[in-house]
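Residues per chain are reported as follows:
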Amino acid sequence: MPRPNAGGTRRTSHGTNKGGIVPKSVFEDTSPTIDNCAPRKITNTKIVLNKDALLDDPPSIQSNNPVTSSLTRDISSNSEKNTVHQRKVMVSQRASSALEEECIKLLQAKQYRSCEVLVMFHLSSFTSNSTANETYAQIATAYEILGDCTIHQQQVKRALSFYRKAQSNLRSLRLPLLSQDSHNSALVQTVNEANLKLKEARALAMIGDTGEAISILESSVPKSHPLRNFAISMELGNFYITCGRNTDAKISYLDALSRNPYAIEAIEKLVMLNAERAEVMRVMNGAIQTKTEENGKENKTSNHHLDVPMADIVTAYFYSNRSTSSHQINALSQWKKLHTQYPHNTHILLQIAMLQSKHPTCDLPHAGSMTFQKIRSIDHNFLDGMDYYAAILAKQLKLSELGKLSSDLLMVNSKRPEAWNALALYHEVCGDSEKALACIERGISCNKQHAYSYQLKGSILLRQERYDIAGQSFSRANAIQMDISNYEGMVESYLCNKRYKEAICTAKEAMSFAPRDSRSLTLVGLALSKASLFSRDSGGKERAKKALKKALLIDPLALRPLLSLADLYLADEEVEACTELLIKAIDDMGDSTLSEISSGLSHHADDRQVVLLSKLGVVYSKNKKYKEAVAYYHKALSINPEYIEARRGIEQMENIMKGFESPSPAREDETYDYVDYRDDIM
């Protein structure tokens with residue numbers, strides 16, 4: 001039997017087995033699962049564990065400890081000349097176990113420095129005269145506790161070293177088995193080894209070595225391994241997303257959901273990765289049925305025993321991720337239905353508020369603002385999504401409310417990015433973009449994984465015409481959380497910087513990510529149309545028109561592809577086609593299908609009509625039909641007397657007809673004042 005590795009020299013049994021994972025509790029449990037990440041006491045070569053959580057008091061050492069019983073039998077069988085040594089070993093075992101218990105109590109009390117110092121004394125107490133198996137096990141536990149102490153003190157590399165030393169001692173317990181089966185030497189054999197592998201992988205990810213973290217978990221706890229569990233599948237999914245391996249991430253999250261059907265985060269990630277709703281529902285329902293059968297509740301394959309409507313929640317999430325008007329309205333209806341069942345649930349209210357803020361056309365005016373206010377009335381210290389609330393206030397130019405919100409959020413927690421983003425929006429509305437950017441950077445320093453911080457930074461940089469840095473910011477946001485709005489920012493940055501090839505490639509990437517989203521097809525159309533103006537590719541415009549028409553088939557109410565297609569017709573002097581397109585769009589608002597979609601949202605239908613009527617005025621003015629243009633501008637103003645584009649159009653037409661002004665060609669960067677033509681972050 002080799003000498004225990006108390007000195008910390010790392011033993012490796014296989015070239016790929018470099019890592020260690022997370023244990024969780026301490027002492028007795030025959031279950032093959034890993035609950036969390038607290039250290040376990042190791043009592044024999046099979047390493048039996050306890051289910052107690054990290055902050056629970058560790059149980060006392062049981063008198064029927066297999067190692068103790070075996071040790072006593074071995075010593076009793078020796079000659080009487082070993083009696084004195086036997087007593088010394090048993091006293092040493094009891095003392096070290098008691099010391100280990102005190103170390104664990106300190107760790108559970110979050111007294112990390114005291115625990116670290118005491119564990120050092122514990123490690124120093126081992127001698128070469130101790131029984132080998134017992135010593136390996138106790139040293140492994142000690143190193144794991146040291147790893148937990150140091151990682152909580154942000155000493156990640158030290159923690160990594162301790163986790164690996166713990167594994168080295170655990171491997172020494174099964175060296176005879178390794179020599180018999182070298183093929184499986186990289187695979188973990190016990191729950192403790194699997195936990196230490198997970199802890200090592202997390203530590204590696206913290207120092208940026210996500211690739212090695214993935215390699216460790218894939219080689220030691222593959223999907224088919226009996227010790228693979230929910231926590232490992234979730235972490236692997238997160239690691240895969242970080243490395244851009246979205247297909248692998250989807251598989252890993254589905255595996256996690258099959259192990260725990262109530263994992264809301266796994267559902268959110270699968271929605272973000274555009275998984276199929278039917279597949280997610282199948283996996284979730286299968287896992288719920290398995291849990292129900294395990295609990296002895298036959299014929300209850302639904303989730304009623306937990307009183308959580310998981311099927312409705314999944315449906316609401318998937319609708320929320322679709323961009324079409326019908327899906328947004330359905331998503332809002334689904335979340336509101338859940339809200340009636342659970343009226344004070346801030347998570348449900350947050351989903352409603354986020355829908356209302358990102359897609360304002362799916363609900364009444366100012367609905368998002370009112371929902372966020374309701375969340376704050378329930379929980380004034382609630383921070384999630386509050387930077388989106390700040391963006392709503394910024395759009396409405398409510399400076400005093402925005403200032404108060406940012407002050408409140410900073411008082412609640414100045415180390416959360418939402419608070420700094422709210423302050424950044426306040427400075428941006430005040431006209432101080434540099435202060436706004438400084439606040440965003442402060443928020444990023446608090447949490448480098450908050451995607452909205454990078455989105456907001458990119459939108460401000462776009463307005464400053466700093467296109468290269470803006471594109472990088474949107475790209476970083478997309479690396480954290482893939483979203484069509486991030487692709488929109490990247491494509492716009494490339495187009496403004498006249499980098500048309502990159503714009504087209506990014507738009508096609510967006511279409512691969514979300515092939516059923518009208519916004520991704522719109523991006524392809526915009527990129528192709530802009531590129532065709534500066535290239536010899538005569539087919540670019542036709543491909544652009546085709547993409548925009550497909551976008552309109554997916555979402556007939558979307559304005560951005562509609563007006564982009566109208567602009568393309570105007571650029572090609574296809575005035576009749578442009579006029580026909582716009583008139584048909586106006587008339588279609590009376591169509592039964594579309595009116596059903598927009599029922600209850602007449603204010604948004606009116607807004608859409610105003611934009612289309614004003615656009616028709618522009619088309620007729622380009623065709624020098626000034627009286628018709630004035631008539632359509634007046635129709636737009638009859639619906640919304642404050643619409644600026646129509647007022648400007650009438651003024652221009654009157655000057656032209658009086659001979660005071662000559663018709664001017666359309667500017668290349670001309671845009672229109674309507675909601676979804678350009679999805680700004682704020």
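Owing to the predicted nature of the structure, the values given are computational and were not obtained by experimental measurement. (Residues numbered from 1 in each chain as written. Predicted model: local features only at pLDDT ≥ 70, side-chain atom pairs only at ≥ 80, totals over all residues. Heavy atoms only, no water.)

**Q** Honestly, the overall build of the protein in this entry has me stumped. Any pointers?
**A** Secondary structure summary: the protein contains 32 helices and zero strands in total. Sequence separation of 24 or more characterises 61% of the internal contacts of the protein that already satisfy a separation of 6 or more. Per element, the accessible surface of the protein, about 31,800 Å² overall, is 50% carbon and sulfur. (Helix = DSSP H or I, 4+ residues; strand = E, 2+ residues; numbered from the N terminus. Contact = heavy atoms within 4.5 Å. Areas by Shrake-Rupley, 256 points an atom, 1.4 Å probe, with all protein chains shown as cover.)

**Q** I keep staring at the packing of helix α19 (residues 417–429) against helix α20 (residues 433–446) and nothing clicks. Help me out?
**A** Describing two packed helices takes the angle between their axes plus the distance from one axis to the other. Between α19 and α20, the shortest axis-to-axis distance is 8 Å and the interhelical angle comes to 175°. As far as their axial angle goes, α20 and α19 are roughly antiparallel. Between α19 and α20, the residues in contact are P417, W420, N421, L423, A424, H427 and E428 and S433, K435, A436, C439, I440, R442, G443 and C446, respectively. Residues belonging to the contact of α19 with α20 are distributed by class as follows: eight nonpolar, four polar and three charged. (Axes fitted to C-alpha atoms, helices over the stretch in contact; angles between N-to-C directions. Parallel < 35°, antiparallel > 145°, perpendicular 65-115°, else oblique. Nonpolar A, V, L, I, M, F, W, Y, C, P; charged D, E, K, R; others polar.)

**Q** I tried to follow the side chain of E418 on my own but got confused; where do I start?
**A** Of note, E418 is situated in helix α19. Excluding its chain neighbours within four sequence positions, the residues that come into contact with E418 are L383, D384, G385, M386, D387, L409 and H450.

**Q** Which parts of the structure should I look at to understand the environment of L107?
**A** Relative to the helices and strands, L107 resides in helix α2 (residues 83–108). Residue L107 is classed as buried on the basis of its relative accessible area of 2%. Note: C-alpha distance between L107 and C149 (42 residues apart in sequence) is 6.9 Å. (Buried < 20%, exposed > 50% of the residue type's maximum accessible area, 1.4 Å probe, protein only.)

**Q** For this particular structure, what's the right way to read the pattern of salt bridges?
**A** A side chain with one charge may pair with a side chain of the opposite charge, provided their charged atoms come close. What the rule picks out here adds up to 29 salt bridges. We note a salt bridge from R499 to D468, for which the minimum N-O separation is 3.2 Å. Of this pair, R499 sits in the loop between α23 (484–496) and α24 (500–513) while D468 sits in helix α22 (residues 467–480), and the two are 31 residues apart along the sequence. Residue classification places D468 among the partly exposed residues on the basis of a relative accessible area of 43%. The closest approach of N and O atoms between K541 and D572, which form a salt bridge, is 2.8 Å. (Salt bridge = Lys/Arg side-chain N within 4 Å of Asp/Glu carboxyl O.)

**Q** Looking at this structure, how should I read the packing of aromatic side chains?
**A** The geometry of an aromatic ring pair is captured by the separation of the ring centres together with the interplanar angle, meaning the angle of the planes. Enumeration according to the criterion identifies six aromatic pairs in this entry. Residues Y143 and F162 carry aromatic rings whose centres are separated by 6.1 Å and whose planes lie at 20° to one another, so their mutual orientation is stacked. Of this pair, Y143 sits in helix α4 (residues 132–152) while F162 sits in helix α5 (residues 156–173), placing them 19 residues apart in sequence. For F162, a relative accessible area of 8% corresponds to the buried category. (Phe/Tyr/Trp six-rings, centres within 6.5 Å; stacked < 30°, edge-to-face > 60°.)

**Q** Hey, could you run me through the nonpolar core in this one?
**A** Proteins that are soluble and globular tend to have nonpolar side chains buried together. Ranked by internal contacts, the top residues of the largest apolar core, which has 98 residues, are F372, I375, L425, Y487, L582 and L612. In contact with F372, not counting residues within four places along its chain, are L350, A353, M354, S357, G385, M386, Y388, Y389 and I392. Membership of the second largest hydrophobic core comes to 80 residues, among which are I145, C149, I288 and W335. (Core = buried A, V, L, I, M, F, W, Y, C linked by side-chain atoms within 4.5 Å.)

Without other data, these values stay purely geometric and don't point to any function.
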